[in-house]
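Okay, here's what each chain looks like letter by letter:
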Amino acid sequence: MKPQNGKPSDRQYPATVSPPGANLPATEVREAVPDFDESADLRTYLEIVMRHKWLVLTFLVGVFVTTLIVSLSMQPVFKANGKLEVSLRSPKVTKFEDVMATQLQTREFMQTQVKLLQSESLTRRVIEKLQLDKNPVFNPAVDQEDSSGGFMQALKAAVKSWIPLGSREEEADPALARLQLEKSMEEKFTKSLEVQPERDTALISLAFSSTDAALARDIVNALLQEFISWEMDKRIDAAGAAKQQLEKQLEVARIQLESAESSLNKFAQKAGIVSLESNLNLVYRQLEEINKAYAAAEADRIAKESLASEAAKGNISSLPLTVENALIQQLRQEHAKLTAEYQDQLSTFKDDYPKMKNLRARIQDVEKRIRTEEMRILDSIKSDYFAALKKEQTLKEEAETKKIRALELNDRAIQYKVLQREVETSKLIHSSLLERSKEIDANVGTELGKIQVVDYAALPLTPYKPNVRLNLLLAIVVGLMGGVGLAFFMEYLDNTVKRIDEISDRFRIPVLGVLPMADAEELADLDYIVRTKPKSSFAESIRTAKVSIQLSSSTDEPPKSFLITSTTMGEGKSTISANLAQAFATAEERVIIVDADMRRPRLHKIFNGNGVPSVRRRGLSQYLTGLCKIEEIIQRTEVPNLCFVSAGPIPPNPAELLASSRMKQFLEKISRHFDRVIVDSPPAAGFADVLVLSNCVDGVILVSTLGQTHRDALRIFRRSIFNVRGHLLGAIVNKLDISHRYGGYYYKYYNYYHYYYHPNRGDDAEKLPQGRPLQEEAPRV
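Residues numbered from 1 in each chain as written. Predicted model: local features only at pLDDT ≥ 70, side-chain atom pairs only at ≥ 80, totals over all residues. Heavy atoms only, no water.

Draft legend 1. Representation of the overall build of the protein. Helices and strands together make up the secondary structure of the protein, namely 25 helices and twelve strands. The 781 residues of the protein split such that 37% are buried. Within the protein, contacts between residues at least 6 apart in sequence are counted, and of these 81% link residues at least 24 apart. In the structure as shown, the protein presents an accessible area of about 45,400 Å², 54% of it carried by carbon and sulfur atoms. (Helix = DSSP H or I, 4+ residues; strand = E, 2+ residues; numbered from the N terminus. Buried < 20%, exposed > 50% of the residue type's maximum accessible area, 1.4 Å probe, protein only. Contact = heavy atoms within 4.5 Å. Areas by Shrake-Rupley, 256 points an atom, 1.4 Å probe, with all protein chains shown as cover.)

In C-alpha cells, the structure reads:
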C-alpha cells in the first residue's frame, strides 16, 4: 500500500477495520479497554509452582531439616493416664422430681467437674500430699543442692564473709521465696495436666506429662484420690452451713409474713375495699355495663346519622324505608295505573277534554300524597337520629362518671395491691425456706454425687513426645504449604506478563506469533535460522508470524511497511527483524530492512553487505543529515531479494533525525521500489523514536517476552501508540520456555513438532549459500 499525498499517516483501512482508537480521544483510549478476567484455573497454579519449584524445594528441605534436628534434641516426655466417673446427685426422696437430668444440665455439670479438677485448691492438696517441693522436677534448686554438695555451700559462706556488711545485697525474704516457689509449682502442675470429658459419657480422662514416668503416674493417682476426698468434704460442710443459714432466714421470713398480713387488713378496712375482682366489685361491674351500652348507642347513632344524611341530600325516594312503605307502594301503583290510562286516552282525546282533565287531576293528587308520605318518613328519620344522639350523650356522661369513680378506686387500690404482693411474697419465701430446710434434713446422707475411679494410672513405658514421625510429616506439610505460599507471593510481586492470553485479553493486542526459546545448538545461527534450519521450530514460528502479518489487515492490501520494536532491550527484536526479512525474501518478495536503532544498532553485524567493512559503510544517519544520497546507503545482502540499510554512525540526536521530513521521504521512496519495508527501531521505553516512526509506517509490531515484559511498560506502550494515531498490528511473543508452560497448548505443539520435524531426524537442512553471485548494485531509487 503506497502512501497517499506523501503522508503515510493518511493511509486507508478496509471498511471493516479501523485503526485502534481512531474514533476516541487520546485520553479515552485506556478507558475503552475492558477489564481483563484474572481468574485462574488449576493449570495456571501448577505453572506458578513449577516456575518456582526450586524455591519450594529449598523451603521444604529447610523446614524438614530444622524439624528433624529439634525433634532429636528434645528430652523425652512420658504421659500417665487415668479415668474418673462422675454423675449428677441422686434423685430427691422428699419431692417427686425427674430422675434423669436434661442434656444441658449434664453438660454444665461435666464442665464444672473439669474446672474443679484443674482448680488451684486441688493442685495444692496434691502438691502437699506428694511433697513435690522436694522433687527436682518441680524444684530445680533441690537438684542443684544435691549436686553441689558441702563444698559449694562452704565456698558461698566464705565469699559472703569477706563482703562488707554495708555492701551486701539484702537477702530475699524466706516467706516471699516460698510463695514464689509455690506459684511456680502450681503453674508447672497446671501446664502439665490435661483434663478432658469424653463425649456422650459420664467419664473424665486425666493425663499428666513429665520427664519422670513414675512421677507422672503418682500424680494422676493422687489427683484422683484427693478429688474424691475434697468433694466429700465440701458437700458435708456445705450441708451444715446451709442448715444453719436456713433456720435464721426462716425465722425472719415468718416475722415478715405476719407483719405484711396485718398491714393489709388494716388498709382494707380503712379504704373500704372488699375485693378488687370485677365480678365482686360494684364500681367495676357498673362501668363495664355502661361501656357496653355506650358502645351500642354510639353504633346506633352512627347508623341513623348516615340514614338522615342520605335523606337530607334529597334521595328520600330511594331509601329502604320509603321503598318498603306499603302506602307509598300502593300510591305508586295507582299513579302508574292512572298514568298509563292517561297515555291511552291521549291518543283519542285532547288535553282540554273533561275526562283528560279529570285524569290529570287524579294523577297530581296521587303525586301530592306520595310527597306528603315521603316528608313524613323524612321527619321520622330525623326524629330517630336526634333521639339516638341524645341517648349517646347521656350514656357518655354516665360512663365518664363511672370512670372517675373507678379511677378513684384504682388510686386507693394501688397501696392495697402493694401490700397484697408483700403478703404473697412473704408466704412464698416462708414456704420455700421451710421446704428446703426439711429437704436438707432428709437428704444430708443421700445428696453426695456419684464419683468413683474407673482406671488408675499405670507406669508409662514409652515416651509420647517427641513424636519424630508425626513431626516430620507435619514438617513436610508445612514446608510444602509455606513453599507454595512463598511461590505465590513471589509471583504476586512479579509484575511481568506471565501468560500469552494476557497480551490479547488484558491489553487487546493481537498475538501474531509465538517463538520458542532456541536450543543451544541453534544459538550460533539464530540470526539466519530461517535459511540454515528451515525445519526447526523457531524457523516455523517465524514463518507463522510472517503469515499473520500478511493477514493482519485487508487481504488485498496487507501492511507493506512495518516497525518492529520492544518495550525493553534484550527481547530479540533485531533477531526477529532479520529472520522476518529473510522469510519474506524467500517468498519471492523484494524486501528491504532498515536499521533505525541509532542508539545500539546491531543489524550491520548480521548483514555484511557485499563484504564491505561496517565502519566504511554509509548509513541512515548520514543520509538524514544530508551527507550522502539514498542510493549510497542501500546495500545488497547474500540473501536474494533482500536489501539492507544500516544505522550508520550514532548521532547525538536520533529522535530529531527520525522526525525529520527526510525520513518520511526516504520511507516513501523505498516503499515504491520494494514489496516489504521492515524497520528495526530501538526499545520504546524512554525513547521517542518509536512514536516518531509509528506515523511513518503502515503498522507497529511489538516483541514481548513472558517473564520479562512488564505490564506497566506494555500498557504505556499501547496507550502511547494510540495517542499518536499509530497502527498497532500486534505482538510476537519471543523466548517461550515450553518446559515451564505446564500442560499448555504450545508445550504439546512443540513436542509434537520436534518429534516429527527435528533436523536431527535425518533431513538435511538448507545450508547458508556461500559465494552466491550478487548483483552489482541495488535497485535504483
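After that view, the rundown keeps rolling.
Draft legend 2. Fine view of the sheet that holds strand β9 (residues 642-645). In space, the eight strands of this open sheet follow the order β5-β12-β11-β6-β10-β7-β9-β8, with mixed pairing throughout. Of all the strands in the sheet, the pair left with one neighbour each is β5 (511-516) and β8 (635-636). In the sheet, strand β11 (residues 699-705) pairs with strand β12 (residues 728-736) via six bridges, with the strands oriented parallel. Following the sheet pairing, T705 is matched in β12 by N734. Relative to β5, helix α16 (residues 537-550) is tilted by about 175°, and along the sheet it contacts β5, β6 (561-566), β10 (676-680), β11 and β12. Contacts from helix α22 (residues 661-673) reach β7 (591-595), β9 and β10 within the one sheet, and its direction differs from that of β10 by about 145°. (Pairing = 2+ DSSP bridges. Axes fitted to C-alpha atoms, helices over the stretch in contact; angles between N-to-C directions.)

Draft legend 3. Geometry of the side chain of E186. For E186, the position within the fold is in helix α7 (residues 174-192). Not counting residues within four places of it along the chain, the set of residues in contact with E186 comprises E120, T123, R124 and I127.

Draft legend 4. Looking closely at the nonpolar core. In terms of nonpolar packing, the biggest core is built from 46 residues, with I592, L620, I634, F666, L667, I670 and V679 touching the most fellow members. Setting aside residues up to four positions removed in sequence, L620 forms contacts with V594, D595, A596, M598, I633, V645, S646, A647, G648, L658, M663 and F666. (Core = buried A, V, L, I, M, F, W, Y, C linked by side-chain atoms within 4.5 Å.)

Draft legend 5. Representation of the packing of aromatic side chains within the structure. In this structure the tally under the stated criterion is seven aromatic pairs. Ring geometry for Y45 against F488: centres 5.7 Å apart, planes inclined by 65°, an arrangement best described as edge-to-face. With Y45 in helix α2 (residues 42-51) and F488 in helix α13 (residues 468-493), this residue pair connects regions lying 443 residues apart in the sequence. By relative accessible area, which is 28% here, F488 ends up partly exposed. An angle of 45° between the planes, with centres 5.2 Å apart, marks the rings of F189 and F208 as tilted. Linking F189 in helix α7 with F208 in strand β3 (residues 203-210), this pair joins segments that are 19 residues apart in sequence. Three or more aromatic residues joined by ring pairs form one cluster here, namely F138, F189 and F208. Here the basic side chain of K79 rests over the ring of Y464, its NZ or CZ set 4.2 Å away from the ring centre. We note K188 situated over the ring of F138; from NZ or CZ to the ring centre the distance is 5.9 Å. (Phe/Tyr/Trp six-rings, centres within 6.5 Å; stacked < 30°, edge-to-face > 60°. Lys NZ or Arg CZ within 6 Å of the ring centre and 35° of its normal.)

Draft legend 6. The sheet that holds strand β1 (residues 78-86), seen in detail. What the four strands build is an open sheet, ordered β2-β3-β1-β4; its pairing is antiparallel. At either margin of the open sheet sits one strand with a lone partner, and together these are β2 (193-197) and β4 (451-455). Averaged over all adjacent pairs, the angle separating strand axes in this sheet is 25°, with direction ignored. Each of β2 and β3 is contacted by α7, which is oriented at about 45° to β2, the strand it contacts most.

Draft legend 7. Summary view of unusual backbone geometry. Note the cis peptide between K465 and P466, where omega equals 5°. The backbone phi angle of E588 is positive, close to 65°, even though this residue is not glycine. Looking at the element boundaries, E588 is found in the loop between α17 (573-586) and β7. According to the relative accessible area criterion, E588 is exposed, its value standing at 66%. If you check the backbone angles, N641 has positive phi at about 70° while not being a glycine. In this structure, N641 sits in the loop between β8 and β9. What makes N641 partly exposed here is its relative accessible area of 25%.

Draft legend 8. Region of the structure containing the pairing of β5. Burial analysis of β5 places five of its six residues in the buried class, the great majority of the element. In terms of strand pairing, β5 meets β12 through four bridges, oriented parallel. Looking at the pairing, G513 lines up with I732 of β12.

Draft legend 9. Main features of a nonpolar patch on the surface. A surface patch of nonpolar side chains, amounting to about 470 Å² of accessible area, comprises L470, L473, L474, V477 and M481. You can call V477 partly exposed: its relative accessible area is 37%. (Patch = residues over 30% accessible without salt bridge, like charges linked within 9 Å, V, L, I, M, F, W, Y side chains within 5 Å. Salt bridge = Lys/Arg side-chain N within 4 Å of Asp/Glu carboxyl O.)

Draft legend 10. Helix α5 (residues 120-130), seen in detail. Those residues of α5 that fall on the buried side of the exposure criterion are L122, T123, V126 and I127. For α5, the arc enclosing every buried residue in end-on projection is 140°, short of the 170-degree limit, so these residues lie on one face. At the exit of α5 stands Q131, carrying a positive phi of roughly 55°. (Arc of directions from axis to C-beta.)

Draft legend 11. How the structure looks around the packing of α2 against α13. Here α2 crosses α13 at 95°, and the two axes come no closer than 9 Å. Considering the angle they form, α2 stands roughly perpendicular to α13. Each of Y45, I48, V49 and R51 in α2 lies in contact with α13, whose residues at this interface are V484, A487, F488 and E491. Class assignment for the residues of the contact of α2 with α13 results in six nonpolar, no polar and two charged. (Parallel < 35°, antiparallel > 145°, perpendicular 65-115°, else oblique. Nonpolar A, V, L, I, M, F, W, Y, C, P; charged D, E, K, R; others polar.)

Draft legend 12. The arrangement of the environment of Y45 in detail. On the accessibility criterion, Y45 (38% relative accessible area) is partly exposed. Considering only alpha carbons, one finds Y45 and F488, 443 residues apart in sequence, at a separation of 8.6 Å.

Draft legend 13. Representation of the pattern of salt bridges. Applying the stated criterion across every chain, the model contains 23 salt bridges. Of the charged contacts in the structure, one is a salt bridge between K79 and E194, with a shortest N-O distance of 3.4 Å. With K79 in strand β1 and E194 in strand β2, this residue pair connects regions lying 115 residues apart in the sequence. On the basis of relative accessibility, which here comes to 37%, the residue E194 falls in the partly exposed class. Between E120 and R124 there is a salt bridge whose closest N-O contact spans 3.8 Å. Placement of the pair is E120 and R124 together in helix α5, with a separation of four residues, close to one helical turn.

Geometry only, nothing functional implied.
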